[in-house]
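Notes for the structure review
Below are the chains, spelled out letter by letter.
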Amino acid sequence: MLDRLIIEFDKSLRTLLATPNSQRAHPGQALAETLTEKQDKQHAAALMRVNHTGEICAQALYNGQAITARNPATAAVLRNAAQEETEHLAWCEKRIKELGSHTSLLNPLFYGGSFGLGLLAGALGDRWNLGFVAETEHQVGAHLARHLETLPAHDQKSRAIVSQMQADEAGHAQQAIAQGAAALPFPVKTGMQLLSTIMTTTTYHL
């Protein structure tokens, strides 16, 4: 277990400090930049910063869950999801830089909290572990849908990234359900939504 924790600590440093790489092409990279107004750029960058921190949280959650998962198949699902979140990180970070902004200063705090939640979720058993994946992805999908509504209509580069992320997250949820995810109790879902609201509200500005 100590070896695994050391590996996860290394992963956390890479997630928070290293520039992420994507094996897939960045969505929208062939599209021309259409944002020219400062206010539009600031708003789009803030939304992409929120999305970036959301992917930081997802990586931490899934890595924590993988450590305490009891079934190797469940751990594999979690690691696969975490790897895809790395690509999302790369897309969001690149877009944030294109818009002349920065990633959230609060990322270390949210990484630590999400990793601890992941360890707890995994310790509850694989059905609940997968249930956290499914519910997380459902909530992220709804969150991304709201961003598609509020992004500047002509910001096709950001929209391409968010749309692809939305499709990937839905795939993660379906995979978890197919593996036997349990439906989480309503109070747990509500608590997750509250934590998500805190994250999105703070990282929009910081």
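This text goes with the structure placed above it.
Quick summary incoming for the structure in this document. (Residues numbered from 1 in each chain as written. Predicted model: local features only at pLDDT ≥ 70, side-chain atom pairs only at ≥ 80, totals over all residues. Heavy atoms only, no water.)

Right, let's talk about helix α7 (residues 186-205) for a bit. End to end, α7 covers 30 Å across 20 residues, agreeing with the expected 28 Å (1.5 Å per residue, within 8%). Met 192, Met 199, Thr 200 and Thr 203 are the residues of α7 that are buried. The buried residues of α7 all sit within an arc of 95 degrees when viewed along its axis, so they share a single face. Residues of α7 that are exposed and point more than 90 degrees away from the buried face comprise Phe 186, Pro 187, Leu 194 and His 205. In this structure, the buried side of α7 is in contact with α2 (38-68), α4 (107-123) and α5 (126-150). (Helix = DSSP H or I, 4+ residues; strand = E, 2+ residues; numbered from the N terminus. Expected span 1.5 Å × (residues − 1). Buried < 20%, exposed > 50% of the residue type's maximum accessible area, 1.4 Å probe, protein only. Arc of directions from axis to C-beta. Contact = heavy atoms within 4.5 Å.)

What follows covers the layout of surface pockets. To find leftover empty space, one rolls a probe the size of a water molecule over the atoms. Its boundaries defined by the atoms lining it, the largest pocket holds a volume of some 530 Å³. Looking at the largest pocket, it is lined by 26 residues, and the ones nearest its centre are Cys 57, Ser 114, Met 192, Ser 196 and Met 199. Within the residue set of the lining of the largest pocket, elements represented by two or more residues are α2, α4, α5, α6 (156-178) and α7. Here the lining of the largest pocket is composed, by residue class, of 13 nonpolar, nine polar and four charged. (1 Å grid on protein atoms, 1.4 Å probe; cavity = no way out; pocket = protein on both sides within 12 Å on 5 of 7 lines; lining within 4 Å. Points joined across faces, edges and corners; volume = space filled by probe spheres on them. Nonpolar A, V, L, I, M, F, W, Y, C, P; charged D, E, K, R; others polar.)

Turning next to empty space enclosed by the protein. What the rule picks out here adds up to one cavity of 30 Å³ or more. Contributing to the lining of the largest cavity are His 26, Pro 27, Gly 28, Gln 29, Trp 91, Lys 94, Arg 95, Glu 98, Lys 157 and Ile 161. Going through the elements one at a time, α3 (72-98) and α6 are the ones with two or more residues in the lining of the largest cavity. Residue contributions to the lining of the largest cavity peak at four residues, all from α3.

Attention shifts here to the nonpolar core. Counting residues in hydrophobic clusters, the biggest one holds 16 residues, and the most contacted among them are Met 48, Val 162 and Met 165. Elements with a minimum of two residues in this core: α2, α3, α5 and α6. Excluding anything up to four places from it in sequence, Val 162 contacts Met 48, Asn 51, Leu 144, Leu 148 and Leu 151. The next biggest cluster of nonpolar side chains, apart from the first, holds 14 residues, and it includes Leu 61, Ala 75, Ala 81 and Leu 130. (Core = buried A, V, L, I, M, F, W, Y, C linked by side-chain atoms within 4.5 Å.)

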